[in-house]
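Residues per chain, in single letters:
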Amino acid sequence: MSLIKLIGLEKIYQQGKIAVPALRGIDLEIESGEFTTIFGPSRSGKTTLLNMIGCLDKSTAGEIIFDEHSINDLNSKELAEVRRYNLGFIFQSYNLIPVLTAFENVEFAIRLIDKHSKKERRDRVMSLLEEVGLGEMADRRPNELSGGQKQRVAVARALIKEPKLVLADEPTANLDSETSKEVLELMQEMNEELNTTFIFSTHDPQVMDYARRLIEIKDGKITKDQRRD
Amino acid sequence: MFFLKMAFKNLTRHKRRTIITALIIAFAILIYVMTEGLMIGMTEMSFNNIINLESGHLQVAKKDYWEERKELPLNNLINPTEEMENKIEKTAGFVALTRRLNFSVRLNNGVDELPVTGVGIDLSQDSKVFKLNNYIVKGRMPREGSREIIMGTKLAELMNFKTGDYAVMLFRTEEDTFNTIDGEIVGLFNTPHPSLNENSVFLPLSTAQNRLNIENKISYYAIRLTGREQAIPAAEELSQRLEASYKAYSWKDAAKSLVTMLEMQDIETQVILAIILTLAAVGIINTVILSALERMEELGMMKALGMHQREIVYTFMGEAAGIGIIGGVMGVIMGIIGLAIFNINGIDMAAMTAGGDMTYGFPLSGTIYAGWEISSFIFVFVYGIVISILSSIFPALWAARKDPVKAIYHR
């Protein structure tokens, strides 16, 4: 059963009087539990595609079916609800809240769905922070953490609400190769352990090595879709 | 609670900016508290001056007299009776009554002449209702039945009088004939009521009655009660027990123009507050916009995580409330210190007006002290927070409505 189904997806940005096509008819299906990389050169449409899948942006044409529901006709509030309960995001520049501790940054995401008791929430956050190797650093603020540690917090924040899908836009772009490896291994581990679907965009070959499915995109079109065992 | 906690933590991002914005609110509160304190102090002193030196708590007069009282008429006077005084004494909170006779006088020093108010006072009773005798700075009060008079130092100065001098008081009797009193100045007073100092001459009631040819008639009874708050109900109650042509008037009736002026002043103070807090609101708007611009990527992340617009707006409102609270606390502390200094030292109106008695319409002079009202502090504190919150809504909405993709890739 596919978690995401894209049918003839198109996105055209209007820059003044010029229409700039970013996606030109994307057809794609992603199954639950996949660990997928979307790769391609700069300005190929990776981030646009990720934004469409992540319910952050609306398509110009085509259809997006998420978990068997079309999201084309949803308004911004309904899209926010879909993101709130079903999606986790990992950003290139971490986007942690600097005034909150690592614990609070992770807690922030689970607070939004607010279905856990205080104790349950605390236990979940701590156990996830321990899993990403930051149990001892729960009280540290982002400026007291290294880049890799910040991205680990971001991974924990993306996973805390047990989303169906985690989207990561160039998650290792700001990390050195050793730290990138650690973060990718962590994501892989979480994918296997929690069966969470991961889609991440990159142009880093090291990242691609970890993916079980590689989707290449060029000029807004899928040019390659390769599964690996 | 979490978002509120986050909002308050956000205030620590740019401590200097938070403090400066809060200081704008604090200064607005300080100015309001000081202005309000001055107004309360001036109001309190004015009311006390009116009660203690001009009207007492209550006055009983004929309705027709009251209508024309400013003309100092000699018709529609009261013929005092024991029965009426008994009725007055039964008023709730009654302490004392006295009789007074006001009449129009032209005061002459042989060279110049000034129109003043002659006030005949019942010397055995007057000090039980009024506090004029507390303000004698030179000499003494007149003796009953004598032609002795007292006047304010200001008037004496103006007319070149000193104690021991004789002042000619020229007036018309009830029959409209001229008469005079060659009054010996036995005392000078300097009250905190400037108009009393400048244009009133006091003399024994019996002397005034005799020279005005009005037997024992008086203009009005002045009554002291145990408290000024009793005056309005007491006036209503006493009026019902009096004959139809008489009425009891509270000190507020006697000072109607002052009360109206104070109400206008109150509006003026509110307008000042509104203007100052509007300026503070501009500071808040500026701070929220700056914060939003600096945190655009963070806002994008929040929206990506599914945070609703209203939750983002609440977060900014929480921050603005925090600034309002900090500013409010600072403003209240500064206000308390300011008012304490004001209360210890007071403001010498004479020094401020180079020895003049400029009163801006208030019946007071000398040193003015500020008043305190806890309700003013609470009002302005809450008002500051409300203004802070309200002024944050539009910039917060602007931030919350940002497209998540544009916000995330802001840089």
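Up top is the structure.
The paragraphs below set out a description of the structure included in this document. (Residues numbered from 1 in each chain as written. Chains lettered and ligands numbered in written order. Predicted model: local features only at pLDDT ≥ 70, side-chain atom pairs only at ≥ 80, totals over all residues.)

**Considerations on the overall build of chain B**
Turning to step 1, where the next piece is worked out: Each helix and strand counted, chain B has 16 helices and twelve strands in total.
Turning to step 2, where the next piece is worked out: Seen through its principal axes, chain B has C-alpha atoms that stretch 95 × 50 × 30 Å.
Turning to step 3, where the next piece is worked out: The 411 residues of chain B split such that 45% are buried. (Helix = DSSP H or I, 4+ residues; strand = E, 2+ residues; numbered from the N terminus. Buried ≥ 20, exposed ≤ 12 C-beta atoms within 10 Å, placed from the backbone.)

**A short note on the interface of chain A and chain B**
Turning to step 1, where the next piece is worked out: Contacts between chain A and chain B engage 20 residues on the former and 18 residues on the latter.
Turning to step 2, where the next piece is worked out: For the side of chain A that touches chain B, the secondary structure elements donating two or more residues are helix H2 (76-86) and helix H3 (102-113) of chain A.
Turning to step 3, where the next piece is worked out: Per-class residue counts for the side of chain A that touches chain B are ten nonpolar, four polar and six charged. (Contact = placed C-beta atoms within 7 Å. Nonpolar A, V, L, I, M, F, W, Y, C, P; charged D, E, K, R; others polar.)

**What about the environment of A:Thr202?**
Residues and elements named next belong to chain A.
Turning to step 1, where the next piece is worked out: Along the chain, Thr202 turns up in strand E8 (residues 197-202).
Turning to step 2, where the next piece is worked out: The spatial distance from the C-alpha of Thr202 to the C-alpha of Ala173 is 8.0 Å, given a sequence separation of 29 residues.
Turning to step 3, where the next piece is worked out: With near-sequence residues (within four places) excluded, Thr202 lies in contact with Thr37, Phe39, Glu170, Val207 and Met208.

**Concerning the sheet that holds strand E5 (residues 69-70) of chain A**
Strand pairs in the sheet, formed through backbone hydrogen bonds, run parallel or antiparallel to each other.
Turning to step 1, where the next piece is worked out: Pairing within the open sheet is antiparallel, and its four strands lie in the order E2-E1-E4-E5 (chain A). The open sheet terminates on both sides in strands that have one partner only, identified here as strand E2 (18-31) and E5 of chain A. (Pairing = 2+ DSSP bridges.)

**A look at the pairing of strand E8 (residues 200-204) of chain B**
All names here are of chain B.
Turning to step 1, where the next piece is worked out: In terms of burial, E8 is largely enclosed, as five of its five residues are buried.
Turning to step 2, where the next piece is worked out: Relative to E8, strand E3 (residues 113-121) runs parallel, the two sharing five bridges. Paired with Val119 across the bridge in E8 is Phe202.
Turning to step 3, where the next piece is worked out: In terms of strand pairing, strand E5 (residues 148-152) meets E8 through two bridges, oriented antiparallel. Pairing of Ile150 across the sheet is with Phe202, part of E8.

**Quick notes on the packing of H3(A) against helix H5 (residues 147-159) of chain A**
A packed helix pair is summarised by two numbers, namely the angle formed by the two axes and the spacing between the axes.
Residue and element names in this part refer to chain A.
Turning to step 1, where the next piece is worked out: Packing of H3 against H5 brings their axes to within 7 Å, and their N-to-C directions diverge by 30°. The angle between H3 and H5 places the two elements in the roughly parallel class. The two elements H3 and H5 meet at a crossing, and its hand is right-handed. Contact residues: Ala102, Asn105, Val106, Phe108 and Ala109 in H3; Val153, Ala156 and Arg157 in H5.
Turning to step 2, where the next piece is worked out: A class-by-class count of the residues in the contact of H3 with H5 yields six nonpolar, one polar and one charged. (Axes fitted to C-alpha atoms, helices over the stretch in contact; angles between N-to-C directions. Parallel < 35°, antiparallel > 145°, perpendicular 65-115°, else oblique. Left-handed = near helix turned anticlockwise from the far one by under 90°.)

**Observations regarding the pairing of strand E3 (residues 35-39) of chain A**
The two faces of a sheet get side chains in turn, since along a regular strand they alternate between them.
All names here are of chain A.
Turning to step 1, where the next piece is worked out: The buried fraction of E3 amounts to five of the five residues, a majority that puts the element mostly inside the structure.
Turning to step 2, where the next piece is worked out: With burial as the criterion, each face of E3 is covered, one bearing Phe35, Thr37 and Phe39 and the other bearing Thr36 and Ile38.
Turning to step 3, where the next piece is worked out: In the sheet, E3 pairs with E8 via five bridges, with the strands oriented parallel. The residue of E8 that forms the bridge with Ile38 is Ser201.

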